[in-house]
Amino acid sequence: QVQVVESGGGLVQPGGSLRLSCAASGFSLDYYAIGWFRQAPGKEREGVSCISSSDGGTDYADSVKGRFTISRDNAKNTVFLQMNSLKPEDTAVYYCAADYGSSCGHGMPYWGKGTLVIVSS
């Protein structure tokens with residue numbers, strides 16, 4: 001079965017860093033795009049970043065550009081989200097999602113259960 005599982009969340013002070021992992025099983029990252037999304041209490045879910053299945057191209061929300069970096073290790077079938085210079089506004093449950101194809105579109109069919117990131121002093 002196609003499945004993704006997030007890990008790496010936790011409590012961090014403003015200005016700190018965290019590295020989230022999205023472990024994929026049941027499929028190869030060679031053929032699936034992986035996106036990171038987040039949802040804070042009282043807010044709608046928003047896209048954070050995406051990595052292509054074809055050329056490894058990346059995309060970022062304006063709010064995280066220059067601070068977050070998405071990458072993949074196809075040998076380990078894992079996608080990472082390196083988060084630096086974290087702000088309280090980054091506090092949210094972070095989800096990874098997968099879709100067959102080269103890019104992250106709407107209605108991605110495979111979702112993880114999320115990992116909580118809290119940025120607070």
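Quick note: structure is the one above.
What comes next is a walk through the structure. (Residues numbered from 1 in each chain as written. Predicted model: local features only at pLDDT ≥ 70, side-chain atom pairs only at ≥ 80, totals over all residues. Heavy atoms only, no water.)

1. Quick notes on the nonpolar core
In summary, soluble globular proteins display a tendency toward joint burial of nonpolar side chains.
Turning to step 1, where the next piece is worked out: Judged by nonpolar contacts, the single largest core of 29 residues is most densely connected at Ile 34, Trp 36, Leu 81, Met 83 and Tyr 94.
Turning to step 2, where the next piece is worked out: Among the elements of the structure, strand 3 (18-25), strand 4 (32-39), strand 5 (46-51), strand 7 (68-73), strand 8 (78-83), strand 9 (92-100) and strand 11 (115-119) are those that each provide at least two residues to this core.
Turning to step 3, where the next piece is worked out: Setting aside residues up to four positions removed in sequence, Met 83 forms contacts with Gly 16, Ser 17, Leu 18, Leu 20, Arg 67, Phe 68, Tyr 94 and Val 117. (Core = buried A, V, L, I, M, F, W, Y, C linked by side-chain atoms within 4.5 Å. Buried < 20%, exposed > 50% of the residue type's maximum accessible area, 1.4 Å probe, protein only. Helix = DSSP H or I, 4+ residues; strand = E, 2+ residues; numbered from the N terminus. Contact = heavy atoms within 4.5 Å.)

2. Notes on the packing of aromatic side chains
Turning to step 1, where the next piece is worked out: Tallied over the entire structure, the rule returns five aromatic pairs.
Turning to step 2, where the next piece is worked out: Centroid distance Tyr 32 to Tyr 100: 5.4 Å. Interplanar angle 75°. Geometry classified as edge-to-face. One end of the pair, Tyr 32, is in strand 4; the other, Tyr 100, is in strand 9, and 68 residues separate them in sequence.
Turning to step 3, where the next piece is worked out: Judged by its relative accessible area of 13%, Tyr 32 is buried.
Turning to step 4, where the next piece is worked out: With relative accessibility at 59%, the residue Tyr 100 sits in the exposed group.
Turning to step 5, where the next piece is worked out: For the pair Tyr 95 and Trp 111, a centre-to-centre distance of 6.5 Å together with 75° between the ring planes defines the contact as edge-to-face. Placement of Tyr 95 in strand 9 and of Trp 111 in strand 10 (residues 110-111) is noted, with a sequence separation of 16 residues between them.
Turning to step 6, where the next piece is worked out: In this structure an aromatic cluster arises from ring pairing among Phe 27, Tyr 32, Tyr 100 and Tyr 110.
Turning to step 7, where the next piece is worked out: Arg 19 extends its terminal NZ or CZ atom over the ring of Phe 80, reaching a point 3.9 Å from the ring centre.
Turning to step 8, where the next piece is worked out: The lysine or arginine in question, Arg 45, covers the ring of Trp 111, its NZ or CZ lying 3.9 Å from the ring centre. (Phe/Tyr/Trp six-rings, centres within 6.5 Å; stacked < 30°, edge-to-face > 60°. Lys NZ or Arg CZ within 6 Å of the ring centre and 35° of its normal.)

3. Details of a nonpolar patch on the surface
Turning to step 1, where the next piece is worked out: Residues Leu 11, Leu 116 and Ile 118 make up a contiguous nonpolar surface patch of about 290 Å² in total accessible area.
Turning to step 2, where the next piece is worked out: For Leu 11, the location among the structural elements is in strand 2 (residues 10-12). (Patch = residues over 30% accessible without salt bridge, like charges linked within 9 Å, V, L, I, M, F, W, Y side chains within 5 Å. Areas by Shrake-Rupley, 256 points an atom, 1.4 Å probe, with all protein chains shown as cover. Salt bridge = Lys/Arg side-chain N within 4 Å of Asp/Glu carboxyl O.)

4. What about the sheet that holds strand 8?
Turning to step 1, where the next piece is worked out: In spatial order, the strands read 1-3-8-7; together these four strands make up an open sheet with antiparallel pairing. Edge positions in the sheet fall to strand 1 (3-7) and strand 7, since each of these pairs with one other strand and no more. Between one strand axis and the next, the sheet turns through 15° on average, direction left out of account.
Turning to step 2, where the next piece is worked out: Two elements, strand 1 and strand 3, share five bridges in a ladder whose sense is antiparallel. (Pairing = 2+ DSSP bridges. Axes fitted to C-alpha atoms, helices over the stretch in contact; angles between N-to-C directions.)

5. Notes on the state of the cysteines
Turning to step 1, where the next piece is worked out: Counted by the stated rule, this structure contains two disulfides.
Turning to step 2, where the next piece is worked out: With a sulfur-sulfur separation of 2.2 Å, Cys 22 is cross-linked through a disulfide to Cys 96. Linking Cys 22 and Cys 96, the disulfide has an S-S dihedral of approximately 75° and is accordingly described as right-handed. Residue Cys 22 is found in strand 3, and its partner Cys 96 is found in strand 9; the two are separated by 74 residues along the sequence. A single burial state applies to Cys 22 and to Cys 96, both of which are buried.
Turning to step 3, where the next piece is worked out: A sulfur-sulfur separation of 1.9 Å characterises the disulfide bridge that pairs Cys 50 with Cys 104. Its S-S torsion of approximately 90° makes the covalent link between Cys 50 and Cys 104 right-handed. Residue Cys 50 is located in strand 5, and its partner Cys 104 is located in the loop between strand 9 and strand 10; the two are separated by 54 residues in the primary sequence.
Turning to step 4, where the next piece is worked out: On the basis of relative accessible area, Cys 104 is assigned to the partly exposed category, the value being 25%.
Turning to step 5, where the next piece is worked out: Sequential numbering of the bridged cysteines in the chain gives the disulfide pattern 1-3, 2-4. (Disulfide = S-S within 2.5 Å.)

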